[in-house]
Amino acid sequence: MRLSFLEHLYKQPGPFASVYLDTSRDSAIEDPVAAIELRWRHLRDALTSEGADQDSLAAAAEAVGSDTEVPGAHGQAVFTAHGRLALLDELPDPPARDTAHFGALPDTLPLIVQHSPEIPYVAAHVHYSGRHSTDATGTVRIEAEIGVWPLTKVTPGHRLREEIPVTDWLNAAAVTGRKLEGHARRIDAEAVVVAGDVWARGILVRRLPAPLRKRVITVVGAGESRPRRALLEHRLESLFSERMAEHDRSLLAAFLAQLAHDGASARGLAPAVSALQRRRVKALFLNNHPESPLRLWAGPQPSHLALTEQELRSYGIQDVSEERADAVLTRALVGTRAELVLVPEQQVRLHEGVGVLLRYTEPGPGCDRV
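Since this is a predicted model, take the numbers as computed values, not measurements. Sequence positions are assigned chain by chain, starting from 1 and proceeding in written order. Per-residue local features of the predicted model are confined to residues with pLDDT of at least 70, and side-chain atom pairs are confined, for both listing and counting, to 80 or more; whole-chain, interface and lining totals are unaffected and use all residues. Side-chain measures here rest on the full set of heavy atoms in the structure, leaving out hydrogens and waters.

Colleague: Describe the packing of helix 2 (residues 32-49) against helix 3 (residues 54-63), with residues and values.
Modeller: Here an angle of 0 to 180 degrees is reported between the N-to-C directions of two axes, which are lines fitted to C-alpha atoms, with helices fitted over the stretch in contact. The helix and strand labels rest on DSSP assignments: H or I over at least four residues marks a helix, E over at least two residues marks a strand, and numbering proceeds from the N terminus. Taken N-terminus to C-terminus, the directions of helix 2 and helix 3 make an angle of 160 degrees; their axes are 11 Å apart at the nearest point. In terms of their interaxial angle, helix 2 and helix 3 are classed as roughly antiparallel. The hand of the helix 2/helix 3 crossing is right-handed. Contacts from Trp40, Arg44, Leu47 and Thr48 of helix 2 reach helix 3 at Leu57, Ala60 and Ala61. Side-chain classes follow a simple rule in which Ala, Val, Leu, Ile, Met, Phe, Trp, Tyr, Cys and Pro form the nonpolar group, Asp, Glu, Lys and Arg form the charged group, and the remainder, Gly included, forms the polar group. For the contact of helix 2 with helix 3, the class distribution of residues is five nonpolar, one polar and one charged. Relative orientations are named as follows: roughly parallel for angles under 35 degrees, roughly antiparallel for angles over 145 degrees, roughly perpendicular for angles from 65 to 115 degrees, and oblique for any other angle. Note on convention: near helix rotated counterclockwise from far helix by under a right angle means a left-handed crossing. Clockwise means right-handed. We call two residues in contact whenever any of their non-hydrogen atoms come within 4.5 Å of each other.

Colleague: With reference to specific residues and values, describe the nonpolar core.
Modeller: Only buried Ala, Val, Leu, Ile, Met, Phe, Trp, Tyr and Cys residues count toward a nonpolar core, and they belong to the same one when joined by side-chain atoms within 4.5 Å. Exposure categories follow from relative accessible area, calculated using a 1.4 Å probe and restricted to protein chains: below 20% of the type maximum is buried, above 50% is exposed, and the middle band is partly exposed. By size, the foremost hydrophobic cluster in this structure holds 42 residues, and its most contacted members are Leu284 and Leu340. Looking at which element gives the most residues to this core, the answer is helix 12 (residues 325-336), with seven residues. Among all residues touching Leu340, those that are not within four sequence positions of it are Met1, Leu3, Leu109, Ile112, Asp248, Leu284, Leu286 and Leu333. Core analysis: the next-biggest nonpolar cluster, separate from the first, contains 27 residues, Ala136, Ile164, Ala189 and Val205 among them.

Colleague: Pulling in residues and values, what's your account of the sheet that holds strand 7 (residues 158-165)?
Modeller: Strands were regarded as paired on the criterion that DSSP finds at least two bridges between them. Read from one edge to the other, the open sheet built from five strands follows the order 7-6-5-8-9, with strand pairing classed as mixed. Each edge of the sheet is formed by a strand with only one pairing partner; in this case those strands are strand 7 and strand 9 (216-218). Neighbouring strand axes in the sheet, compared pairwise and without regard to direction, differ in orientation by 20 degrees on average. Examined bridge by bridge, strand 5 (residues 119-127) and strand 8 (residues 191-196) share six bridges and lie parallel to one another. Bridging from a neighbouring strand, Ala124 pairs with Val194 of strand 8. Relative to strand 7, helix 5 (residues 169-187) is tilted by about 175 degrees, and along the sheet it contacts strand 5, strand 6 (139-149) and strand 7. Packing against the sheet, helix 6 (residues 198-206) makes contact with strand 5, strand 6, strand 8 and strand 9, and its axis sits at approximately 150 degrees to strand 8.

Colleague: Can you break down the packing of aromatic side chains residue by residue, with the values?
Modeller: The criterion for an aromatic pair is that two Phe, Tyr or Trp rings (for Trp, the six-membered ring) have centres within 6.5 Å, with stacked assigned to planes under 30 degrees apart, edge-to-face to planes over 60 apart and tilted to the rest. Throughout the structure, instances matching the rule amount to five aromatic pairs. Consider the rings of Tyr121 and Phe240, whose centres lie 6.0 Å apart with planes at 55 degrees: the pair is tilted. Of this pair, Tyr121 sits in strand 5 while Phe240 sits in helix 8 (residues 233-240), placing them 119 residues apart in sequence. With respect to class, Tyr121 is no different from Phe240; both count as buried. Taken together, the ring pairs connect Tyr121, Trp149 and Phe240 into an aromatic cluster.

See the structure below:
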């Protein structure tokens, strides 16, 4: 996963207030607005106890609950610094629990987890309820969306809507298919998920260009399509929730291959830190452990990270602080433009939950393999 969406955040100086909270409104709660306000008050008190300044609290308060147009279950990630909003992002799902942290680095891993698995896709729902014949009367209505899962739950993707007489459907389906291919190529779509009437959708699928047709997944039932929520949302959830993006899978395969041959990869926190210090990491692999007690020391720059305070100070870095390991690693990845791959522990269990694939090796006698 590329973390370019966080670059602007890390260009700003800390300390940061990081807030994650449930801002769902169409729930069983009688007064969801009051519930959001109550949750925010608890988080504000937590931030105050950690030393957050009043201006940053005020900036966060202004952003919290501003997503009034987003329907369904969701949440917000709010980051402020020095009295300014540093980043505001909608969470496709409510956080498991509301959290707030004030510190030198922003707490971005929960946001990254909600962006995962970042699968580019095309979803199409073919609406038709008439006689299965191209000489029938009636209209085929197609609704399609091109986006990245799961972000389209709260950030709409590009939508295509067309209504076509059944008598024209054979020819029109080919034209529609070429339109979908153009959009899919722009995002390098991994999957084409198609629902709706079996006969009408079958004509569309058979007339899709061959590269797109190979990626088709047909599903039964679609559920109601809601404004500002992903088309075929519940079907996409079941298809993608335990899936890694193809790009991440290829990086993981390269990591495991290098590991098997003592190549440019390793597992563990110490080698990951060493490689990030030297900007050698192509991708870092992480078993997500929100409860992890692992800590690292960090300085002002992304490559300023170490296992101990003494190591950082030995490099002449004076402004140092001890932070959560995942917060330090994430900043280093963004600053060095390395990628992050979240790996389910049941798939690959990494030593200390961390592994690295290097950009290059350092051959020669006496060199340390990271």
